[in-house]
Amino acid sequence: MKSELTNGTGISNKVALLLVEGARVPVRKRNTDDWIEGEIVAKRSGEDGKQEFYIHYIDYNKRLDEWVCDDQLDVNKIKLPQTKNSRPVSPTAMLNKVNRKRKIEDTNGYSSSHSTNSDTDDPPPVVPPIVPAGPPSTGSLSQNQNTYDGLTRIKNVQSIEMGKARMTPWYFSPYPQELCSLPVIYICEFCLKYLKSSNCLKRHKIKCKLFHPPGNEIYRKNNISVFEIDGRKNKNYAQNLCLIAKLFLDHKTLYYDTDPFLFYVMTEYDQFGLHMVGYFSKEKESSEDYNVACILTLPCHQKKGYGRLLIEFSYLLSQVEGKLGSPEKPLSDLGLLSYRSYWSNAVLEALIQYLDSPTESPPSLTILELCDRLCMKKEDVISTLQHLNLIHYYKGQYVICLSNEIIDQHRKSMFRRKVRIDEKYLQWQPKDWSKRGKW
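Residues numbered from 1 in each chain as written. Predicted model: local features only at pLDDT ≥ 70, side-chain atom pairs only at ≥ 80, totals over all residues. Heavy atoms only, no water.

### What about the overall build of the protein chain?
No. 1: Across its full length, the protein chain holds 10 helices and 17 strands.
No. 2: Of all 439 residues assigned to the protein chain, the portion counted as buried reaches 43%.
No. 3: Considering only contacts within the protein chain whose residues lie at least 6 apart along the sequence, 57% involve residues at least 24 apart.
No. 4: A total accessible area of about 25300 Å² is found for the protein chain, and carbon and sulfur atoms account for 50% of it. (Helix = DSSP H or I, 4+ residues; strand = E, 2+ residues; numbered from the N terminus. Buried < 20%, exposed > 50% of the residue type's maximum accessible area, 1.4 Å probe, protein only. Contact = heavy atoms within 4.5 Å. Areas by Shrake-Rupley, 256 points an atom, 1.4 Å probe, with all protein chains shown as cover.)

Okay, here's the thing in structure tokens:
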């Protein structure tokens, strides 16, 4: 009787040859019964000897990528990767090709390549070792990977501990390799220095004299403060901040060249100091008048309204500068949701305030006037009006239609907002960064 060879992980050698980087296979997510099509990005041998695969779920964000065991794969529905100008290769055709290169003996389940009396001079096929690999040249993620190398597709940090919070990263970040092999990277919540153990962190806290971010405190109301940090004057802090941001922002690429950027760190005060909850950065000189380059609310502080506060603060700075601001594009999926929510509330609030004020009848307000009121770019205002379905074409012109239902929903939403940015508490003057002496 023929016995099928296995590689010690429960998967036959035939199937193991098909589970290559770039292949697609249904995957059962952990702790669920859902089967989702995923792409194999890399594979390795786990601690228990089982084969593990790094999976990117098709049509899902990369932050959901994870290592899975071989028993979570439906190996009966493998789709092999394709290259340009090539025809699809079925698993059956691939196995036939493999079988032509080697002969399987009926006895003991061993191939003739294992026998000392081999009838062929062809070398036996070599099963590739199970080690972490770089990205394939095929597959869904290979289309837009010009700025990424192989390592950036795989999460390299297991978790970080910052203050009282322990967070699981979403993406790759270029921390030192010796730290990435540790289960936890410990980070000082004030100077953002990364350390390898809790004991190192305790010794560091004795020497660290910071209880707030470096730089100038330009806003304070109640327990919320914002610090402006120059990327050139506080380079170490800025680089450490970018390393943390890269763990949760997929589109962020640079972390070492911080000189052209200003960082605005929002903090929450308690008896132990001012703890960072989020930040945004902006270029000192932006040819497109972008008021935000990167923006992040730490996962442990999300769903508390800090993201909206950061966005509102960025537009307050644009108002003081006398410019129309807009974030750099493209926005991440979560960033787009946050900005769209802020834009919607800001546009509706401006329109309702205009309707409540004594004006001519019928009221008239142009898009450009609305942009000046909100310090928003025209394309952002128009896209928001279209998203809310407020702009219509009527009798040869575009008109804005507000229903009582929309007004009531907006007022209920604003009533739930307890914390807002108050421009009276801003102590800040813009600088002319075109004069190089101020760098």
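### Description of the pairing of strand E10 (residues 224-230)
The side chains of a regular strand alternate between both faces of the sheet.
No. 1: For E10, the buried fraction is high: seven of the seven residues fall into the buried class.
No. 2: Residues Ile224, Val226, Glu228 and Asp230 of E10 are buried on one face, and the alternating residues Ser225, Phe227 and Ile229, pointing to the opposite face, are buried as well.
No. 3: As paired strands, strand E9 (residues 216-221) and E10 are joined by five bridges and run antiparallel to one another. Opposite Asn216, over in E10, you have Glu228 as the bridge partner.
No. 4: Following E9, the chain reverses through two residues before pairing antiparallel with E10; Asn222 in that reversal takes a positive phi of roughly 55 degrees.
No. 5: Sheet topology note: the E10/strand E11 (residues 261-270) ladder contains seven bridges and is antiparallel. Within the sheet, the bridge partner assigned to Val226 lies in E11 and is Met266. (Pairing = 2+ DSSP bridges.)

### Some words on the pairing of strand E1 (residues 24-28)
No. 1: The pairing of E1 with strand E2 (residues 35-45) spans five bridges and is antiparallel. The residue bridging Val25 from the neighbouring strand is Gly38, located in E2.
No. 2: In sequence, E1 turns back onto E2 through a hairpin of six residues, with Asn31 there showing a positive phi of about 60 degrees.

### Observations regarding the side chain of Asn240
No. 1: Within the fold, Asn240 resides in helix H5 (residues 235-246).
No. 2: Accessibility expressed as a relative area gives 13% for Asn240, which makes it buried.
No. 3: Ignoring anything within four residues of it in the chain, the contact list for Asn240 reads Cys191, Leu192, Lys193 and Tyr194.

### Thoughts on the sheet that holds strand E6 (residues 165-167)
By way of backbone hydrogen bonds, the strands of a sheet pair with one another, either parallel or antiparallel.
No. 1: Strand order in this open sheet of four strands is E6-E5-E7-E8, and the pairing throughout is mixed. Each end of this open sheet is capped by a strand with a single partner; those strands are E6 and strand E8 (194-195).
No. 2: As paired elements, strand E7 (residues 185-187) and E8 share two bridges and run antiparallel to each other. In the strand pairing of E8, Tyr186 is matched with Leu195.

### As for the side chain of His301
No. 1: Summarising the element assignment, His301 is placed in the loop between strand E14 (294-297) and helix H6 (306-321).
No. 2: Of the polar contacts made by the side chain of His301, one reaches the side chain of Lys304; its length is 3.5 Å.
No. 3: Setting aside residues no more than four positions away along its own chain, His301 makes contact with Glu268, Met276, Val277 and Tyr306. (Polar contact = N/O pair within 3.5 Å; in protein donor to acceptor, adjacent residues only side chain to side chain.)

### Digging into the environment of Phe190
No. 1: In this structure, Phe190 sits in the loop between E7 and E8.
No. 2: A residue is classified by how much of its surface remains accessible, and Phe190, at 10% relative accessible area, is buried.
No. 3: Expressed as a C-alpha distance, the spacing of Phe190 and Met162, which sit 28 residues apart in the sequence, is 9.3 Å.
No. 4: Apart from the residues lying within four places of it in its own chain, the contact partners of Phe190 are Leu210, Phe211, His212, Pro213, Tyr237, Phe272, Gly273, Leu274 and His275.

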